[in-house]
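Chain by chain, the residues:
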Amino acid sequence: MNIDELLKSPPKVHNWTNDGQLTSSGLPEAVFRFMDKVLTPQTKSVETGAGISTVLFALKGCNHTCVNPDDEENQRLKEFCKENGVSTDNVTFVAKKSNDSWYELKDQAWDFVLVDGCHGFPTSIVDFYFLSLGLKINGYLIIDDTHIITCALLKDFLITESAWKLVEPFNSKTAIFQKVAEYDAANEWIRQPYVVTKTKELEDAKKPLSMDFASRAGQHALKMLNSLGLKIVTVQKLI
Ligand SMILES: C[S@@+](CC[C@H](N)C(=O)[O-])C[C@H]1O[C@@H](n2cnc3c(N)ncnc32)[C@H](O)[C@@H]1O
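So, a few notes on the structure that sits alongside this text.

**What about the site of the ligand?**
Near the ligand there are 21 residues, and of these Gly49, Gly51, Ser53, Gly117 and Cys118 occur at the shortest range. Taken together, the residues of the shell around the ligand break down into six nonpolar, eleven polar and four charged.

Written as structure tokens, this is what we have:
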């Protein structure tokens, strides 16, 4: 099996519909093509969640860890690989939620990390935290579903961090980053440009309007009413 065959006939492993029909999910094709280019049998990879990506990691012979609590999916993936002559000898399936595996995944020397398991708050962000601790410099990180606020936040944050280079946004759904320098995942907020900027925006939004701005806004409103031929009615003070 090669990547073209995999993308043409992807494994249907997810039981997500009410009618019991199994479905495929997966990353955008361009992301799979990128993975096909950079993954090798020397790659030590990890993903949260499972699906087409898992087969691709196996197909490329990576030393791969797949963390997915849905063991029926894992079994279907193993069967799909067997039927298609793809060895899973180098794939370790951890049939647990990522949040029950964070400490075993921490500090391993990963070359490639895919975060695509639970997308709720804070799981995807903490998945990133623990998996990025071991990611080697020049290693890759993929965050899928960046249209979801948790993943969007992580993407926007990493764009402002100098240790991370956005290799490809590809589209609004998936972001690929490369870790280009040592990274302190537990840095204090004051040294994180995204957090500093967003905090300032929050503070600014809470400040009362300045008198100057308020009076200019009032004059503008009066002009508008006049131009519409409307009269000002005095509103009596109730207190
Ligand atoms: C969108 S799918 C992954 C698709 C896959 N990357 C692909 O290319 O086809 C999401 C996966 O996350 C798994 N999942 C859900 N909650 C999880 C959790 N807490 N930890 C790890 N995986 C989880 C689901 O069982 C499912 O396999």
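**Let's talk about the sheet that holds strand E2 (residues 63-67)**
Strand order in the open sheet formed by seven strands is E3-E2-E1-E4-E5-E7-E6, and the pairing between neighbours is mixed. Unpaired on one side and paired on the other, strand E3 (91-94) and strand E6 (164-168) mark the two borders of the sheet. Ignoring strand direction, the axes of neighbouring strands in this sheet form an average angle of 20°. With five bridges joining them, strand E5 (residues 140-144) and strand E7 (residues 174-179) adopt antiparallel strand pairing. Looking across to E7, one finds that Ile142 is bridged to Ile176. This element, helix H6 (residues 123-134), spans strand E1 (44-48), strand E4 (112-115) and E5 of the sheet and lies at about 170° to E4.

**Remarks on the pairing of E6**
Where a strand is regular, its side chains alternate between the two sheet faces. Summarising the sheet, E6 and E7 pair through four bridges and their orientation is antiparallel. Counterpart to Trp164 in the pairing with E7 is Lys179. With antiparallel pairing between neighbouring strands as the criterion, E6 and E7 make up a hairpin whose turn holds five residues, including Phe170 at a positive phi of roughly 55°.

**A look at the nonpolar core**
Within the largest apolar cluster, 42 residues are counted, with the highest numbers of intra-cluster contacts made by Val55, Val113, Leu131 and Ile142. Element by element, the count of residues in this core is highest for helix H3 (residues 52-59), at five residues. Here Val55 is in contact with Leu6, Pro11, Leu77, Phe80, Cys81 and Val86, once residues within four sequence places are set aside.

**Some details on the environment of Ala95**
As for its position among the elements, Ala95 is in the loop between E3 and helix H5 (102-105). Residue classification places Ala95 among the partly exposed positions, given that 16 C-beta atoms sit within 10 Å. Along the sequence, Ala95 and Asp70 sit 25 residues apart, while their C-alpha atoms lie 6.5 Å from each other. Residues within four places of Ala95 in sequence aside, it is in contact with Asn68, Pro69, Asp71 and Asn74.

**Some points on the packing of H3 against helix H4 (residues 71-83)**
Packing of H3 against H4 leaves a shortest axis separation of 10 Å and a crossing angle of 45°. In terms of orientation, H3 lies oblique with respect to H4. Seen along the crossing, H3 lies across H4 with a hand that is right-handed. Together, Thr54, Val55 and Ala58 of H3 and Leu77, Phe80 and Cys81 of H4 make up the contact between the two elements. Here the contact of H3 with H4 is composed, by residue class, of five nonpolar, one polar and no charged.

**Things to note about the packing of H6 against helix H7 (residues 149-159)**
Running from amino to carboxyl end, H6 crosses H7 at an angle of 40°, the nearest separation of the two axes being 8 Å. Relative to H7, the element H6 lies oblique. Of the residues in H7, those in contact with Ser124, Ile125 and Phe128 of H6 are Thr150, Cys151 and Leu154. Among the residues forming the contact of H6 with H7, the class breakdown is four nonpolar, two polar and no charged.

**Focus: unusual backbone geometry**
Here the amide bond leading from Phe121 into Pro122 is cis, since omega sits at 0°, within 30 degrees of zero. Position of Pro122 relative to the elements: it lies in the loop between E4 and H6. Phi at Asp107 is positive, roughly 60°, even though this residue is not glycine. As for its placement among the helices and strands, Asp107 is situated in the loop between H5 and E4. You will see that Asn138, though not glycine, has its phi angle at about 80°, which is positive. Along the chain, Asn138 turns up in the loop between H6 and E5.

About the thresholds
Residues numbered from 1 in each chain as written. Predicted model: local features only at pLDDT ≥ 70, side-chain atom pairs only at ≥ 80, totals over all residues. Near = placed C-beta within 6 Å. Nonpolar A, V, L, I, M, F, W, Y, C, P; charged D, E, K, R; others polar. Pairing = 2+ DSSP bridges. Helix = DSSP H or I, 4+ residues; strand = E, 2+ residues; numbered from the N terminus. Axes fitted to C-alpha atoms, helices over the stretch in contact; angles between N-to-C directions. Contact = placed C-beta atoms within 7 Å. Core = buried A, V, L, I, M, F, W, Y, C linked by C-beta atoms within 7 Å. Buried ≥ 20, exposed ≤ 12 C-beta atoms within 10 Å, placed from the backbone. Parallel < 35°, antiparallel > 145°, perpendicular 65-115°, else oblique. Left-handed = near helix turned anticlockwise from the far one by under 90°.

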